[in-house]
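# Structural overview
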Amino acid sequence: MFLISIKKSELDHDVEMFKKYRNLLKELTLKNIRLKYRHSWLGVFWSFLQPLLNMIVLSVVFSGIFGREDESIICYPIYLFTGRLLFSFFTTSTKQAMTSFRRNQSIIKKVYVPKYMYPLSSIFSNFVTFAISLICLICVWIFFKLTGISGGSGLFLTGYLPLCIVPMILLLLFSTGVGLILSVVCVYFRDVEYIWDVISQLLFYMVPIIYPLSKIKTEWTLALIKINPLYSMIELFRQCVLYGKIMDWKMLVYAAVISIVTLLIGILFFNKKSDDIIFHL
């Protein structure tokens, strides 16, 4: 009972601190967005243009290989766009969260602010950019539906479309957990930043983004891909946006459990190590 009361008091304290500094979190998030486009002529328009250009380039390169004669793909550019969009949010947000303490070390050493504000603001700012990029996805979806190019005539709006917010939230929770862990580890081991670049590149090919899952014939490779939580979240998003059907409940439960567990581990690990961060900056 004594330990439970201690944990409860710590949790209440954390909640109160978050409420106290929530406006600061908002300002840090907005600051990150402004800094990202500070010296850019097009500014926030890059949130539309960058994923669009990526889709065009990858579609031109890979559509002839993976986009034809495959029943599992309705419209290859949209298939590619949806996967690339979610994956880019994960990699970008975790990378920025990982380096958030080093980028803000001058402030951390002078002013007291709950340290989780820095990785959280990095992740949230990327989530805002990700949400803005969805407008580009809507425009591209409408274009292919109206023109019928690349199988776009097979796209249909259904009542399941609003459910796409669920995998988006799960991805946000998962990215937050991973980002909190990486932000602490990177303070102690700077090489993690370069290792994570390699891992991110490997993850890109371990998730069906440019290729359909039906192309994988080796059982152990197929199992390895399905274990990856990013696959479940991207596939759940595609089921709502691309295929117009209800989400697979087994995949949804798996993605939800992994996301919540990862977030809890990230919070516990961060709370345990965050007090020593300032001594290693």
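Right above here is the structure, for reference.
In what follows, the accompanying structure is described. (Residues numbered from 1 in each chain as written. Predicted model: local features only at pLDDT ≥ 70, side-chain atom pairs only at ≥ 80, totals over all residues. Heavy atoms only, no water.)

### A word on the packing of helix 7 (residues 117–147) against helix 8 (residues 165–188)
Pairs of packed helices are described in terms of their axes, by the angle between the two and the distance that separates them. Formally: Only C-alpha atoms enter the line fits that serve as axes; for helices the fit covers just the stretch in contact. Angles between N-to-C directions range over 0 to 180 degrees. Secondary structure elements follow DSSP: runs of H or I of four or more residues count as helices, runs of E of two or more count as strands, with numbering from the N terminus. Any angle that is under 35 degrees is reported as roughly parallel, and any over 145 degrees as roughly antiparallel; angles of 65 to 115 degrees are reported as roughly perpendicular and all others as oblique. Crossing chirality is assigned from the near helix's rotation relative to the far helix, an anticlockwise turn below a right angle marking it left-handed and a clockwise turn marking it right-handed. Contact between two residues is taken to exist if any of their heavy atoms lie within 4.5 Å; hydrogens are not considered. Polarity classes work like this: nonpolar for Ala, Val, Leu, Ile, Met, Phe, Trp, Tyr, Cys and Pro, charged for Asp, Glu, Lys and Arg, and polar for all others, with Gly in that last group.
Packing of helix 7 against helix 8 leaves a shortest axis separation of 10 Å and a crossing angle of 150°. One way to sum up the angle between helix 7 and helix 8 is to call them roughly antiparallel. The hand of the helix 7/helix 8 crossing is right-handed. Counted together, Pro 119, Leu 120, Ile 123, Phe 124, Phe 127, Phe 130 and Leu 134 of helix 7 and Met 168, Leu 172, Ser 175, Thr 176, Gly 179, Leu 180 and Ser 183 of helix 8 form the full contact between these two elements. Within the contact of helix 7 with helix 8, the residues separate by chemical class into 10 nonpolar, 4 polar and no charged.

### Comments concerning the packing of helix 4 (residues 76–98) against helix 11 (residues 229–241)
Here helix 4 crosses helix 11 at 140°, and the two axes come no closer than 10 Å. With respect to helix 11, the element helix 4 is oriented oblique. The interaxial crossing formed by helix 4 with helix 11 has right-handed handedness. Between helix 4, through Tyr 79, Thr 82, Gly 83, Leu 86, Phe 87 and Phe 90, and helix 11, the contact on the second element is made entirely by Leu 230, Met 233, Ile 234, Phe 237, Arg 238 and Val 241. The residue inventory of the contact of helix 4 with helix 11, partitioned by class, reads 9 nonpolar, 2 polar and 1 charged.

### Observations concerning a nonpolar patch on the surface
Note the following rule: Surface patches are drawn from residues lacking salt bridges whose relative accessible area is over 30%; two like charges belong together within 9 Å, two nonpolar side chains (Val, Leu, Ile, Met, Phe, Trp, Tyr) within 5 Å. Here the Shrake-Rupley method, with its probe set to 1.4 Å, supplies the accessible areas, and only the displayed protein chains count as covering residues. For salt bridges, the criterion is a side-chain nitrogen of Lys or Arg within 4 Å of an Asp or Glu carboxyl oxygen. Buried residues are those whose accessible area, probed at 1.4 Å on protein chains only, stays under 20% of the maximum for their type, while exposed residues exceed 50% and partly exposed ones sit between those limits.
Judged by side-chain polarity, Leu 53, Ile 56, Val 57, Val 60 and Val 61 come together as a nonpolar surface patch covering roughly 440 Å² of accessible area. Looking at the element boundaries, Leu 53 is found in helix 3 (residues 46–66). With a relative accessible area of 38%, Leu 53 lands in the partly exposed category.

### Looking at helix 11
Given 3.6 residues to a turn, an α-helix orients residues that are three or four positions apart in the same direction. Definition in use: By definition here, a helix of n residues has an expected span of 1.5 Å times n minus one. Distance and chemistry together define a polar contact, namely a pair of N or O atoms within 3.5 Å, with one atom able to donate a hydrogen and the other to accept it when in protein, and with adjacent residues in sequence counting only for side-chain atoms on both sides.
Relative to the 18 Å expected for 13 residues at 1.5 Å per residue, helix 11 spans 19 Å between its end C-alpha atoms, a close match to the ideal helical length. Most of helix 11 sits out of view: 13 of its 13 residues are buried. If you check the start of helix 11, you find a side-chain oxygen 3.0 Å away from the backbone N of Leu 230, and it comes from Asn 228.

### Looking at the side chain of Ser 100
Residue placement: Ser 100 occurs in helix 5 (residues 100–103). Only 2.7 Å separates the side chain of Ser 100 from the backbone oxygen of Ala 97, close enough to count as a polar contact. Setting aside residues up to four positions removed in sequence, Ser 100 forms contacts with Tyr 118, Pro 119, Ser 122 and Ser 183.

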